[in-house]
2 protein chains.
Amino acid sequence: MNELTISLDNSGSHPMYEQIYAYIRDEIQSGKIRAGEKLPSTRTLASHLGISRSTVDQAYEQLLAEGYMIASPCRGYFVCELDQLYQLPSRTQLPVAERHQESKEYRIDFAVNGIDKEGFPYQTWRKISRNVLNEDDGTLFQLGESQGEEALRVEIASYLHHARGVNCGANQIIVGAGNDYLLMLLHVILGMDWKIAMDNPTYTSASVAFQKMGYEVFPLEPDDMGMIPEKLEECGADLAYVMPSHQFPLGSVMPIQRRQQLLAWAAKKEHRYLIEDDYDSEFRYKGKPIPSLQGFDSHDKVIYLGTFSKSLAPAIRISYMVLPVSLMHRYEERGRNFSVTVSRVDQKILEMFFREGHFERHLNRMRGVYRTKHDCLISEMKKIQHICRIRGEHAGVHILVEMKNGMTEQEAVEAARKAGIKVYGLTEYCIQPLKDRDTATVLMGYATLSEEQMKEAVQLLAEVWGF
Amino acid sequence: MNELTISLDNSGSHPMYEQIYAYIRDEIQSGKIRAGEKLPSTRTLASHLGISRSTVDQAYEQLLAEGYMIASPCRGYFVCELDQLYQLPSRTQLPVAERHQESKEYRIDFAVNGIDKEGFPYQTWRKISRNVLNEDDGTLFQLGESQGEEALRVEIASYLHHARGVNCGANQIIVGAGNDYLLMLLHVILGMDWKIAMDNPTYTSASVAFQKMGYEVFPLEPDDMGMIPEKLEECGADLAYVMPSHQFPLGSVMPIQRRQQLLAWAAKKEHRYLIEDDYDSEFRYKGKPIPSLQGFDSHDKVIYLGTFSKSLAPAIRISYMVLPVSLMHRYEERGRNFSVTVSRVDQKILEMFFREGHFERHLNRMRGVYRTKHDCLISEMKKIQHICRIRGEHAGVHILVEMKNGMTEQEAVEAARKAGIKVYGLTEYCIQPLKDRDTATVLMGYATLSEEQMKEAVQLLAEVWGF
């Protein structure tokens, strides 16, 4: 073939070389120009089309680069053999996976994982963000340490030491974008095929994560003090996931004796660890915060997880994990390779938020806000104590409500739903059905609600639950 | 025991109740007050110490909450049995893992993974950041969609469609904090125990990630066109990780024929996928960008990975993965549970950066910047072409240099190091030693360097490499 008649559009909307490239490509794809066929020389085609040779050169170069043709020295350009197994798809959209939808049928949602929106220190956060961006010389846009920036880790270590009794150096801290991510990283660090014991009920997001990652999860029903050491020993797990400061969702605090028993369990074997999720330890309304389990650990057995999702905002996406010193070499070997998941700008903002004392002030303020909401909800709920009993108060941002009106959990949730109120059945947080508990129990979170909303909601609940 | 003599500090530096709590706790921990012993009533202790009863109540409540004592109705308070296996650690710092240190011995570093610092549009980014924070009503601080915000995904889908020929809906896109994270998520979605074929040499960070996650990695030496289908078929892998637009580090472009062969390989079995890492496809200096492999895929077999680390900045920590529709149900089932790793603020900033046309402008500007640097380095290197030959040019932000002076790779790297210049041996990017290649090859990245630095460096290299 020595001639190709291509109708070129001179309007300039598409470069000339691109039109030539696209024409020849399509001809090859559709089989109109066959494999092995010789294409005109660039000189011939240029003169045929009345355009400059460099334009044709450019088109041919693209065709060569993409492999539609080859150049054979002294012989010219030839069309390549294309594997016909593959049909080119049309450029229409492929069917799209269904959209994950949130229901909007509730007027008042006692969400257990929210925060008080107004409580977030927007002004301060914005001001620090502006300063951080203005003062940056570009460093913050270069890749940082995979563990997280040292300056932030030093702040976190100091906070953890003073507020939570956690015993660690900044170098044991790994900053990550959320607990789910940190559990993934932990999975890489610890390796596959672990058996893990978890409370039932528990923070199901973690149990699901472990299951999806291939760990065998043993759900253990806790007593009032938390995970039962005998059951733990029996089940054969070598990891145990606990929330000693405030069990989610039951709200129990693990007493010192039980903590020591769990630590002793972990100390018995080399490859045994306790994962302490200290998710909302900041909010305690009676007494001072319960110190962390990690702080009592002298055998280097506790993997400590903390987050700013509760204390600051879920969308901040900054969590941290404190590894025992004995796991640091495994982190170096297996985990260091994974780049940090939090931007340096965000890390710097949080560091400044700590350093300027805002975090402490914010926590104190939020404790007040949540205590007021907590007290309001408790006093409202007392009005219907003939219908239900409150448990798990004094800490966190939700309460447990045990039905005394003969309703099943599902009936209680459904009755509330009909009144436009969302409460959460305890069953939602169970890995498997509970054996030792027959009371219908629902959870009510108060972080996102105003006092007016809570008053209104409890009045409505009194009606639908009280018959 | 009915008396406890506690010396209280009235200065106010520690609350009274806390001093009482700490004193009794320490006495119990040290064994001075024994298990089973009865503690004084709150009334007795208060009058003994001459303080209010509510202060003692508060201290006792904390001791009860932490499990140091129990309250027995009508009988009083008793010290609990503590498991003596566990000694409380002293509050001194545990030994700290060694700090990861970067070497500073190089004056000029031909880093292959950097970006041009000056090129980052700080002003625009800051301005958008300010606007986003100022206009936000708090929504951005609530947890968003685990896939990433839809508005951002729509922008990415549109960009990918137009610039890369990627054929996808926004709902197939998953936004994540970096490629390493997305590979972890992919690991959860696909499940354990896959065999994956990778080019050797390759982007080692990915091969290490797969290995750490327990995948069996098959390193295949590519020819000039990329991964060889026969070798792929032979090795028994069902995943193949390729960089068709610009193989890292070799710089080769996979021709259409080879692409079709790989797609045909994937189409042969249900659970076979190609992972296309399109890491730096934005930067191509000759012709138009090579369309993605994903765009040619009509059998829904390509998992496409892209990042803003190269095109914007490494510390932005925003990457994305386009899943084939056939994998979306697995994502819903296994991956949806994992919360998003990029903050909504950052997602919103990037969305605005796209929507206001900054991304396109930025890419065009950076193509110019990198082309100039590229041309400068090439023309400098031509002066020493008797010593070494250039390969892998025309795209990306690094070149390959094959030594013709008889030096081994190690000798070339070492000679450069003595001159204060860092170049990178090809071996660093190998999963295992190369069999089919005997030429000593080094990589030189130019993204972070100025023209002056490159000129100076090549002069120095001419001396140390030219004898």
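Residues numbered from 1 in each chain as written. Chains lettered and ligands numbered in written order. Predicted model: local features only at pLDDT ≥ 70, side-chain atom pairs only at ≥ 80, totals over all residues. Heavy atoms only, no water.

**Q** Tell me about the confidence of the model for chain A, and name the residues and values.
**A** It should be kept in mind that the predicted coordinates are not to be read in detail where pLDDT is low. Residue and element names in this part refer to chain A. Here chain A averages 87 in pLDDT, while 94% of its residues score no lower than 70. Predicted confidence is poor over residues 84-102, with pLDDT under 50, and the contacts of this stretch with residues over four places away or in other chains come to 42 contacts. Confidence estimates for the predicted assembly give a pTM of 0.81 and an ipTM of 0.79. (pLDDT = per-residue confidence, 0-100. Contact = heavy atoms within 4.5 Å.)

**Q** Before we move on, can you summarise the packing of helix H13 (residues 409-418) of chain B against helix H14 (residues 451-466) of chain B with the specific residues and values?
**A** Residue and element names in this part refer to chain B. It is at 9 Å that the axes of H13 and H14 come closest, and there the two elements cross at 130°. As judged from the angle between their axes, H13 and H14 are oblique. In the crossing of H13 with H14, the sense of the turn from one axis to the other is right-handed. Seen from H13, the contacting residues are Ala412, Ala415 and Ala416; seen from H14, they are Leu461, Val464 and Trp465. Considered class by class, the residues forming the contact of H13 with H14 number six nonpolar, no polar and no charged. (Axes fitted to C-alpha atoms, helices over the stretch in contact; angles between N-to-C directions. Helix = DSSP H or I, 4+ residues; strand = E, 2+ residues; numbered from the N terminus. Parallel < 35°, antiparallel > 145°, perpendicular 65-115°, else oblique. Left-handed = near helix turned anticlockwise from the far one by under 90°. Nonpolar A, V, L, I, M, F, W, Y, C, P; charged D, E, K, R; others polar.)

**Q** Please set out the relation of the copies chain A and chain B residue by residue, giving values where relevant.
**A** To go from the first copy of the chain to the second, apply a rotation about an axis and then a shift along the same axis. Overlaying chain A with chain B gives an RMSD of 0.1 Å, the required rotation being 180° about an axis along which the chain moves by 0.0 Å. The transformation just described matches what one would write down for a two-fold rotation axis. Of all interface residues in chain A, 100% are interface residues in chain B too; the two copies therefore contact each other through one and the same surface. (Least-squares fit on C-alpha atoms with pLDDT ≥ 70 in both.)

**Q** Pulling in residues and values, what's your account of helix H5 (residues 150-164) of chain A?
**A** With 15 residues, H5(A) extends 20 Å from end C-alpha to end C-alpha; this agrees with the ideal 21 Å at 1.5 Å per step. Looking only at H5(A), the buried set comprises A:Leu152, A:Arg153, A:Glu155, A:Ile156, A:Ala157, A:Tyr159, A:Leu160 and A:Arg164. (Expected span 1.5 Å × (residues − 1). Buried < 20%, exposed > 50% of the residue type's maximum accessible area, 1.4 Å probe, protein only.)

**Q** Tell me about the sheet that holds strand S12 (residues 388-391) of chain B, and please be specific about residues and values.
**A** Backbone-to-backbone hydrogen bonds pair the strands of a sheet. The strands run either parallel or antiparallel. Residue and element names in this part refer to chain B. With respect to topology, four strands assemble into an open sheet ordered S12-S13-S16-S15, the strand pairing being antiparallel. Among the strands making up the open sheet, the edge pair consists of S12 and strand S15 (424-425). Bridge count for S15 against strand S16 (residues 441-445) is two bridges, and the pairing is antiparallel. Residue pairing for S16: Tyr424 is matched across the bridge by Leu443. Taken strand by strand, H13 contacts strand S13 (398-403), S15 and S16, and its axis lies near 40° from that of S16. (Pairing = 2+ DSSP bridges.)

**Q** Lay out empty space enclosed by the protein in plain terms, naming residues and giving numbers.
**A** What the rule picks out here adds up to twelve cavities of 30 Å³ or more. Estimates place the volume of the largest cavity at around 240 Å³. Along the wall of the largest cavity there are 22 residues; nearest its centre are A:Val345, A:Asp346, B:Val345, B:Asp346 and B:Ile349. Elements represented by at least two residues in the lining of the largest cavity include exactly helix H4 (122-135) and helix H11 (344-355) of chain A together with helix H4 (122-135) and helix H11 (344-355) of chain B. Partitioning the lining of the largest cavity into residue classes produces 16 nonpolar, four polar and two charged. Approximately 70 Å³ is the volume attributed to the second largest cavity. Surrounding the second largest cavity, 14 residues form its lining, A:Thr341, A:Ser343, B:Thr341, B:Ser343 and B:Asp346 being those nearest its centre. When its residues are assigned to classes, the lining of the second largest cavity shows six nonpolar, four polar and four charged. (1 Å grid on protein atoms, 1.4 Å probe; cavity = no way out; pocket = protein on both sides within 12 Å on 5 of 7 lines; lining within 4 Å. Points joined across faces, edges and corners; volume = space filled by probe spheres on them.)

**Q** Explain the packing of aromatic side chains to me, and be specific about the residues and the numbers.
**A** The full count for this structure, using the stated rule, is 39 aromatic pairs over all chains. Taken together, a centroid distance of 5.6 Å and an interplanar angle of 55° make the contact between B:Phe120 and B:Trp125 tilted. Take B:Phe120 and B:Trp125: they sit in the same class, and that class is buried. Judged by centre distance (5.3 Å) and plane angle (50°), the ring pair of B:Phe308 and B:Tyr320 falls under tilted. Highlighted residues: B:Phe308 in the loop between strand S10 (302-307) and strand S11 (319-322) and B:Tyr320 in strand S11, separated in sequence by twelve residues. Of the two residues, B:Phe308 and B:Tyr320, both sit in the buried class. Ring-pair connections join several aromatic residues into one group, and the members of that group are A:Phe120, A:Tyr122, A:Trp125, A:Phe353 and B:Phe141. (Phe/Tyr/Trp six-rings, centres within 6.5 Å; stacked < 30°, edge-to-face > 60°.)

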